[in-house]
Structures are given as structure tokens and as C-alpha cells.
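Okay, here's what each chain looks like letter by letter:
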Amino acid sequence: MPFTTKATISSFGGKLYKLTHPSKATGSEMAVNLYLPPQALSGGSRKVPLLIYLSGLTCSPENCSEKGFFQHNAAKRGLAIVYPDTSPRGLNLPGEKDSWDFGEAAGFYIDAQAEPYAENYKMETYITRDLPDALFSDEEFGKYLDGEKKVSITGHSMGGHGALSLYLKYPGKYASVSAFAPIANPVNCPWGQKAFRGYIGDGEDKEKEWKEHDSTELVRKWDKGTPLNMLIDVGTGDNFYKQGQLLPENFEKAAQEAGVSEGLTVRYQEGYDHSYYFMASFADEHVDHAAKYLGLL
Ligand SMILES: N[C@@H](CCC(=O)N[C@@H](CSC=O)C(=O)NCC(=O)O)C(=O)O
């Protein structure tokens, strides 16, 4: 099914497309922004690889495309970026809009099993299947995107959890992963527990299942012979980090204990907070991280 283009905006010599498209997984129309760098467009006509950026709680595709500054270096390296939404919208499910850290704009990049979310909150399937399939097969955008190459994945906060956990759940699917201030051990923090309780369910068996979506648990199972190709930045002035919502040290420790920390870089950036000022400061480096593994550097 084709994309509907709502707006086309020039950015760093390329174009940002504000789009919507239907998703089978969510049973709804999904908003998504796509950045095509100049190399893919007129005069370039080269197929470019794709980086997926997963946003945090409360975000839409707009936040990062407006103020993350990823397009700056993507335009130099010849990399397309897709900015998906953070949940289905407009469903009016009971309780969906009661809080900012659960429900609408807080889909957590997992497939919900609990009611009333089980039918539509299938964000894992949307990100791993519906969205890439739609982009690479699209008559218009498919011309510019290199579907032969793997894609890379990155994200912020809840989206950092999404990027790390999908990378670890689907070994070999993504060329590399990076994350800003990821919720790295969701089973042990209030945001993650609220999401997993609401989307997966509670009780002993369900809580065991939560671990299948937790990056700190998943990294323990990573193949020892395969480098992680993973970059994580966390700001030491981040209030959510100080409140124990992110827990990157637990992730690092688990990777070290499992003997899989080859290719893992975790940086604690002095004084930076949780905001897009932090991300914009290091966005060029995260784009370079992806560009390296996508063969652009
Ligand atoms: N409304 C909340 C703050 C919400 C917030 O900070 N969201 C972050 C992501 S947090 C983890 O996933 C974000 O990216 N916000 C969008 C932005 O443009 O900054 C509160 O009141 O504390």
C-alpha cells in the first residue's frame, strides 16, 4: 500500500517527507517521516542505505526530524533516515491517553498481548516488518533505498530501549545499533515495569516473559563470537538517569559478565541532560557509527 505524502521539506540538501501509510500490524494509519539525502535525489540517483531512528516517550516523528540534527551528517554520508511514530494513534482505547508514559506515544516497541492493546499495539512487528517492507517495496521511495543492504538502528530513551532490544532479539538483521540515554534494563525501572505490566500482563509467568524484551537480559544471550557493533551515550546530568529509569551500568555489567562486550562502547557525557540538546551534540557521531557498518566510511 502506498504512502501518502503530507509535506516535503528541504533539509541539508536532501528532502524530509512527512508521510502516512497503513500498517497491518497496528491496524491503523501510521505517521512516519523519511529523510532522503542529496546522494539519492537529483544528480545523485544512487540507492542509499537506511537508518531507523526510534523516538522516546511522548514523541511523534517530528521531534527528532526537527531538532535531532541527524540530517546534518546523513546528508554528508549518503544515508536515509526513517523516523517512525511511537504508537498507533486515534484508536480511542480505554485508558490509552491517561498518562504520558504509557499508551498513546508510548508503545515501547513490543507487541502487546494484554487487553485492550493486543490488537493494535504491535510496534515490534510494525518496526521490524511492516515499515521496512513498505519502504523498500514502495514505487516511489523504493527507487532511492538500498534494500540489498542491512539497515542500522538507533533511538533515544524508550526508543533506545527499542533499538537495543530489537537489535539483540534479531541477530544479523541490523548492521549496527546505537542509543542515546536508553531505558537499558526496563524490568527494573518504573517506566519499563509500567509498560510491560500494561502490554504483556503481570503475575509470575508474565514477569518472566518481560525479560524477553529487556536488553540487559537479552545481551546475556548474545553470541560470544559476534562483536556487538553498539554505541551508547548517556548524559551524567540526565534527571531520568539519576532517578534510575535508564540503568546503563546494569547493561554494561551484563555484557561484561556474559563475555560479549567486544564492540560495545558506553560513554558517559559529562553534564549532558536527557534532551535533544544532548542528542544534537552527538548525532553526527551516531550517524558515523551507522555509516561505518553500512559501508559508507
Ligand atoms: N512529559 C514528561 C517528559 C517527557 C520526555 O522527556 N520525553 C522525552 C523522552 S523520555 C523517554 O522515552 C522526549 O524525547 N521528549 C520530547 C522532546 O522533544 O523533548 C515530563 O513531563 O517529565
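Residues numbered from 1 in each chain as written. Predicted model: local features only at pLDDT ≥ 70, side-chain atom pairs only at ≥ 80, totals over all residues. Heavy atoms only, no water.

## Regarding the site of the ligand
Logical step 1: As a matter of local geometry, the ligand sits amid 14 residues, with Leu57, Asn63, Lys67, Ser157 and Met158 nearest to it.
Logical step 2: Within the side chain of Asn63, an N or O atom sits 2.9 Å from an oxygen atom of the ligand.
Logical step 3: Contact distances for the ligand include 3.0 Å between an oxygen atom and a backbone N or O atom of Met158.
Logical step 4: Look at the ligand: alone it shows 540 Å² of surface, and the protein chains cover 69% of it.
Logical step 5: When grouped by side-chain class, the residues that make up the shell around the ligand number 7 nonpolar, 6 polar and 1 charged. (Near = heavy atom within 4 Å. Polar contact = N/O pair within 3.5 Å; in protein donor to acceptor, adjacent residues only side chain to side chain. Areas by Shrake-Rupley, 256 points an atom, 1.4 Å probe, with all protein chains shown as cover. Nonpolar A, V, L, I, M, F, W, Y, C, P; charged D, E, K, R; others polar.)

## Digging into the UniProt feature "active site" (unreviewed entry) in the protein chain
Logical step 1: With numbering matched to this structure, UniProt assigns "active site" (unreviewed entry) to Ser157, Asp238 and His274. For the annotated residues, spread through 118 residues, the largest C-alpha to C-alpha distance comes to 11.0 Å, consistent with a single compact locus.
Logical step 2: Mapped onto the fold, Asp238 is located in the loop between strand E8 (230–235) and helix H8 (239–242).
Logical step 3: If near-sequence neighbours (up to four positions away) are discounted, Asp238 is found in contact with Ala181, Leu246, Tyr272, Asp273 and His274.
Logical step 4: For His274, the position within the fold is in the loop between strand E9 (264–269) and helix H10 (276–293).
Logical step 5: His274 sits in the buried class, given a relative accessible area of 13%. (UniProt positions renumbered as here; feature names shortened; annotations may be inferred. Helix = DSSP H or I, 4+ residues; strand = E, 2+ residues; numbered from the N terminus. Contact = heavy atoms within 4.5 Å. Buried < 20%, exposed > 50% of the residue type's maximum accessible area, 1.4 Å probe, protein only.)

## Comments concerning the environment of Ser152
Logical step 1: Mapping Ser152 onto the fold places it in strand E6 (residues 151–156).
Logical step 2: Residues Ser152 and Lys292 lie 140 residues apart in sequence; the distance between their C-alpha atoms is 10 Å.
Logical step 3: Sequence-distant contacts of Ser152, defined by excluding residues within four places in its chain, comprise Leu50, Leu51, Ile52, Tyr174, Ala175, Ser176, Ala290 and Leu294.

## Some thoughts on the environment of Gly203
Logical step 1: Examined against the element boundaries, Gly203 turns out to sit in the loop between helix H5 (190–199) and helix H6 (204–210).
Logical step 2: On a C-alpha basis, the gap between Gly203 and Thr226 in space is 35 Å, while along the polypeptide they are 23 residues apart.

## Digging into the pairing of strand E4 (residues 50–54)
Logical step 1: Summarising burial for E4: 5 of the 5 residues are buried, a large majority.
Logical step 2: Of the two faces of E4, the one lined by Leu50, Ile52 and Leu54 and the one lined by Leu51 and Tyr53 are each fully buried.
Logical step 3: In this structure, E4 lies alongside strand E5 (residues 80–84), joined through 3 bridges in parallel fashion. By the bridge assignment, Leu51 is partnered in E5 with Ile81.
Logical step 4: As paired strands, E4 and E6 are joined by 4 bridges and run parallel to one another. Residue pairing across strands places Leu54 opposite Gly155, the latter belonging to E6. (Pairing = 2+ DSSP bridges.)

## Description of the sheet that holds strand E3 (residues 28–36)
Logical step 1: The strand order E1-E2-E3-E5-E4-E6-E7-E8-E9 describes an open sheet built from 9 strands, whose pairing is mixed. For this open sheet the edge positions go to strand E1 (4–11) and E9, each flanked by a neighbour on one side alone. Going from strand to strand, the sheet's axes swing by 20° on average, the running direction of each strand aside. (Axes fitted to C-alpha atoms, helices over the stretch in contact; angles between N-to-C directions.)

## So, unusual backbone geometry
Logical step 1: Looking along the chain, the bond that leaves Glu115 and enters Pro116 is cis, with omega of 5°.
Logical step 2: With respect to the helices and strands, Pro116 occurs in the loop between E5 and helix H3 (123–137).
Logical step 3: With phi around 65°, Phe108 is a residue other than glycine that occupies positive phi space.
Logical step 4: Among the secondary structure elements, Phe108 is positioned in the loop between E5 and H3.
Logical step 5: Positive phi values are uncommon outside glycine, yet Ala181 reaches one of about 45°.

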